[in-house]
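The primary structure of each chain is shown beneath.
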Amino acid sequence: MTANYNPLVSIIVPTFNRAQLVTEAIKSVLNQTYKRFEIIIIDDNSSDNTAELISKINDGRICYFRLNKNQGAPAARNIGLKKASGQLIAFLDSDDQWVSTKLEKQIALFEREQHIGLVYTGIKFINKQFERILVPKVRGEISKSILKKNYVGPTSSVLIKKALIDKVGGFDVTLPSCQDWDLFIRIGQVCEIDYIAEPLVLYLEHGGTRISTNPKAVVNGHLKIHSKYRQQIKALSIKEKQKHFLNLGKILLKASLLKVDKNIVEKSRFLEKIILKVIRFLFTKIVKSSPVFASKLIYFKKFRKRLNLKNPQTFNEKLMWLKFNEENSLKTLCTDKFLVRDYVSKLGYSDILVDLYQTYESTEQIDFEQLPNSFVLKCTHGSGFNIICSNKNTLDKESAIKHLKKWMIIDYSLLMGESHYSKIKPRIIAEQYLGEKGNNKLPVDYKIHCFHGEPKILDIVLDRGTNEKKHIMFNSDWEMIPFTNDSINFKEEIKKPEKLKEMLEMARELSKGFTYVRADFYYYNDKIYFGELTFTPGACLDTDYAEGVDYKMGQLIDLTILRKENLNNRLIRI
C-alpha cells in the first residue's frame, strides 16, 4: 500500500445490550495496523451499561450515537451510513472481532484492483466446542451467482466503496433477515468483487440473540428475498436455478420449519414446492453416485427398518436385490411401453395388443384432430405417465400437453433408483382406449405375479381411477387369498374370467427367463388385452400387503443360484 492511497474508512458498529461484547469488538478495531478510520457506534436504545463502558475508551476516532427507540440492526446501520464521512465503509457486528491486519490487507487489494467495489474475507467461527473456517470462493462478476446464495457472508467481513452504497441504497429494513445478502445482490449488479482468503473476522457463536438463530426470521427473510428477485431468478439457467432452490431448501430445513408460525407456510405456497425440489435434487445426486445407498435411504423411510441386501427375505427386499444384481437387457426392452409390443408380438401374442394409433418424439408432434374420440397417451419411459381420454371433446388439451412435456424431461430411473428405466428412449404413444365412449369407468386390471416363469398370485384391481380402488388377491386356482386388507374385508364374489386359463398361459410365456415379473392384463368384452410388464412394482416399496405377506411372497423367489453366480463373478473380478 502506497502513501498516495490512504482512504478514510468509516466503521459502523450497531449494538444492542452487548456492553461487554461491543467493547471487545471496538478494541479489535483499535488494534488495526491501518489507522485512518472513524468508528461510528449506533446504540439501538440499549438498557445495559453500553454507554458507560464505551465512554471509558479514550480515542478521538470513536463517535457514539444512542437512538431513542430500538429500530433493529439494519436501521441502525443505515443511520450509521448517513453519518459516515469515509470513502470506504466497513461494518462490524458488536459480537464479532477483527484480526489486526484486516483493513490493511483489504485496502491494499483495493489499491491493486481499483475497478472492484467490494472486498470480503474469510471468517473463523468460534464456539466452546470447536472452530471452523469459512473460506471465500466467489470473485469477479457475481450478478448471477449471488442470486443462488449469500457467498459473501456476514457484513463484518466486507469493505465497500461508499459511492456504491449511495448508488444502490442501504439495508432493506422491511426484511426480517438476509438484509446483508440483499445488499450484496444489489452491489453485485453494478460492480465486481474480490476477497482475501485468510480468516480475518472472528465470528463468536454465543448464547445471545442473533437474527440467524431466529427460525421465523430466517425463513421469512429467505422467502422474501426469493420473492423480491423472482424475475432475476427466473432468468437464470436451469443449473443456476437448481443451485438457488437447493440452497433455499437447505436454509429452510436447517431453520427448523416445525418451529415456524403456520401463517408463514400458508402465505408462501411455493414453500412446499421448494422443499420437494430440493429433496428430489439431492436424491437424484445420491442415486447417480450410489444407487444402493439411495435405495437404502428410501427403504428405511418407507419401512422404518434397514434394507437387508446381504440376506434378503421379504418380497420387497428380494426385488431390491434383483434390481442391483440381475443384469438383463431384456428388462429394459420390456419396461419400454413401446418396445415391449415387439416382444409380445414375437411370442405370438400380437392379437392381445391394444391398437397403436401414433408414436411421437415430442409433444409438438401431437395432432389431436388425427386421434379418435377416445384414446390413451402414454410416455414410454416411466410409470404413471398417462393421459386417459374417454371423450376428446371434454379433454383439457392444454393441461394434457403441459403434463406430457413435464414427464418427457424426467429421468425416471433417478426418481427411485430403478436403473432399468435409464436406457429407455422417451417417447409418447397414442393407444386404444378400453371402455365406452364418454364413460370414465376403466376395465378391471389383472396383475399376475410370476415367479421363475410361473404365475402364482393374481392382484385384481377393481374401481381403477377412483377413490374406491381395491386390490383383491387370488391364487392361480382363483381362490381368494388374504394378502391385502382389501381381500380380507371384501365380501362380494368376483366372477372368474372365462379366459383365465389363457391369461395365465400368456403370463407364463411372457415371464420365461425372468426371476420375477408382474404381467398385467385387461379383460374387456370377453377379450384379453396386454397391459405391461413390471419388474419393480411399487419401486420395491409396496406396502399394500397384509401383515406377514411381504415375507410370504418373498419365499416364492429363490435367489440361491443368482447369489452364487453373483459371488463367483465378484471373485473372478477380484
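As the structure is a computational prediction, the values presented were derived from the model and not from experiment. (Residues numbered from 1 in each chain as written. Predicted model: local features only at pLDDT ≥ 70, side-chain atom pairs only at ≥ 80, totals over all residues. Heavy atoms only, no water.)

1. Brief notes about the overall build of the protein chain
Phase 1 of the analysis: Across its full length, the protein chain holds 22 helices and 18 strands.
Phase 2 of the analysis: A burial count over the protein chain gives 52% of its 574 residues as buried. (Helix = DSSP H or I, 4+ residues; strand = E, 2+ residues; numbered from the N terminus. Buried < 20%, exposed > 50% of the residue type's maximum accessible area, 1.4 Å probe, protein only.)

2. Considering the sheet that holds strand S12 (residues 386-389)
Phase 1 of the analysis: Strand order in this open sheet of four strands is S10-S13-S11-S12, and the pairing throughout is antiparallel. The open sheet is flanked by strand S10 (356-360) and S12, the only strands paired with a single partner. Strand-to-strand, the axes of this sheet are offset by a mean angle of 10 degrees, without reference to chain direction.
Phase 2 of the analysis: Pairing of strand S11 (residues 375-379) with S12, which is carried by four bridges, proceeds in the antiparallel orientation. In the strand pairing of S12, valine 376 is matched with isoleucine 388.
Phase 3 of the analysis: On the sheet, helix H17 (residues 397-408) packs against S11, S12 and strand S13 (428-431) and is oriented at approximately 155 degrees with respect to S12. (Pairing = 2+ DSSP bridges. Axes fitted to C-alpha atoms, helices over the stretch in contact; angles between N-to-C directions. Contact = heavy atoms within 4.5 Å.)

3. Some remarks on the packing of helix H13 (residues 291-303) against helix H14 (residues 315-325)
Phase 1 of the analysis: Running from N to C, H13 and H14 cross one another at 165 degrees; their axes reach a closest spacing of 11 Å. Taken together, H13 and H14 sit at an angle that is classed as roughly antiparallel. For the crossing formed where H13 meets H14, the hand is right-handed. Mapping the contact onto sequence places Pro291, Val292, Ser295, Tyr299 and Phe303 in H13 and Asn316, Glu317, Met320, Lys323 and Phe324 in H14.
Phase 2 of the analysis: Across the contact of H13 with H14, the residue classes break down as six nonpolar, two polar and two charged. (Parallel < 35°, antiparallel > 145°, perpendicular 65-115°, else oblique. Left-handed = near helix turned anticlockwise from the far one by under 90°. Nonpolar A, V, L, I, M, F, W, Y, C, P; charged D, E, K, R; others polar.)

4. What to know about H17
Phase 1 of the analysis: The first and last C-alpha atoms of H17 sit 16 Å apart over 12 residues, in line with the 16 Å expected at 1.5 Å per residue.
Phase 2 of the analysis: The inward-facing, buried residues of H17 abut S11, S12 and S13. (Expected span 1.5 Å × (residues − 1).)

5. Observations regarding the pattern of salt bridges
Phase 1 of the analysis: Evaluation of the coordinates by the stated rule reveals 27 salt bridges.
Phase 2 of the analysis: Put simply, lysine 162 and aspartate 166 hold a salt bridge, and the shortest N to O gap is 3.3 Å. Here lysine 162 and its partner aspartate 166 are both found in helix H6 (residues 162-168), four residues apart, which amounts to about one turn of the helix.
Phase 3 of the analysis: Under the relative-accessibility criterion, lysine 162 is labelled buried at 16%. (Salt bridge = Lys/Arg side-chain N within 4 Å of Asp/Glu carboxyl O.)

6. Quick word on the pairing of strand S15 (residues 454-462)
The side chains of a regular strand alternate between both faces of the sheet.
Phase 1 of the analysis: When you tally the buried positions in S15, you get seven out of nine residues, the bulk of the element.
Phase 2 of the analysis: Between the end of strand S14 (residues 445-451) and the start of S15, which pair antiparallel, lie two residues, with histidine 452 showing a positive phi angle near 55 degrees.
Phase 3 of the analysis: As defined by bridge partners, S15 adjoins strand S16 (residues 470-475) across six bridges and the pair is classed as antiparallel. Residue pairing across strands places aspartate 459 opposite methionine 473, the latter belonging to S16.

7. What about the nonpolar core?
Phase 1 of the analysis: Formed by 37 residues in total, the largest nonpolar core has its most connected members in Phe91, Leu118, Tyr120, Val152, Val158, Ile160 and Ile187.
Phase 2 of the analysis: Residues contacting phenylalanine 91, with those up to four places away along its chain left out, are Ile12, Arg77, Leu81, Trp98, Thr155, Ser156, Val158, Ile160, Ile165 and Phe171.
Phase 3 of the analysis: Counting residues in each nonpolar core, the second largest holds 33 residues, with Tyr343, Ile448, Ile472 and Ile528 among its members. (Core = buried A, V, L, I, M, F, W, Y, C linked by side-chain atoms within 4.5 Å.)

8. Re the sheet that holds S15
Phase 1 of the analysis: Spatially, five strands are ordered S16-S15-S14-S17-S18 in an open sheet, and the strand pairing comes out antiparallel. Looking at which strands have only one partner, the edges of the open sheet turn out to be S16 and strand S18 (527-534). Going from strand to strand, the sheet's axes swing by 25 degrees on average, the running direction of each strand aside.

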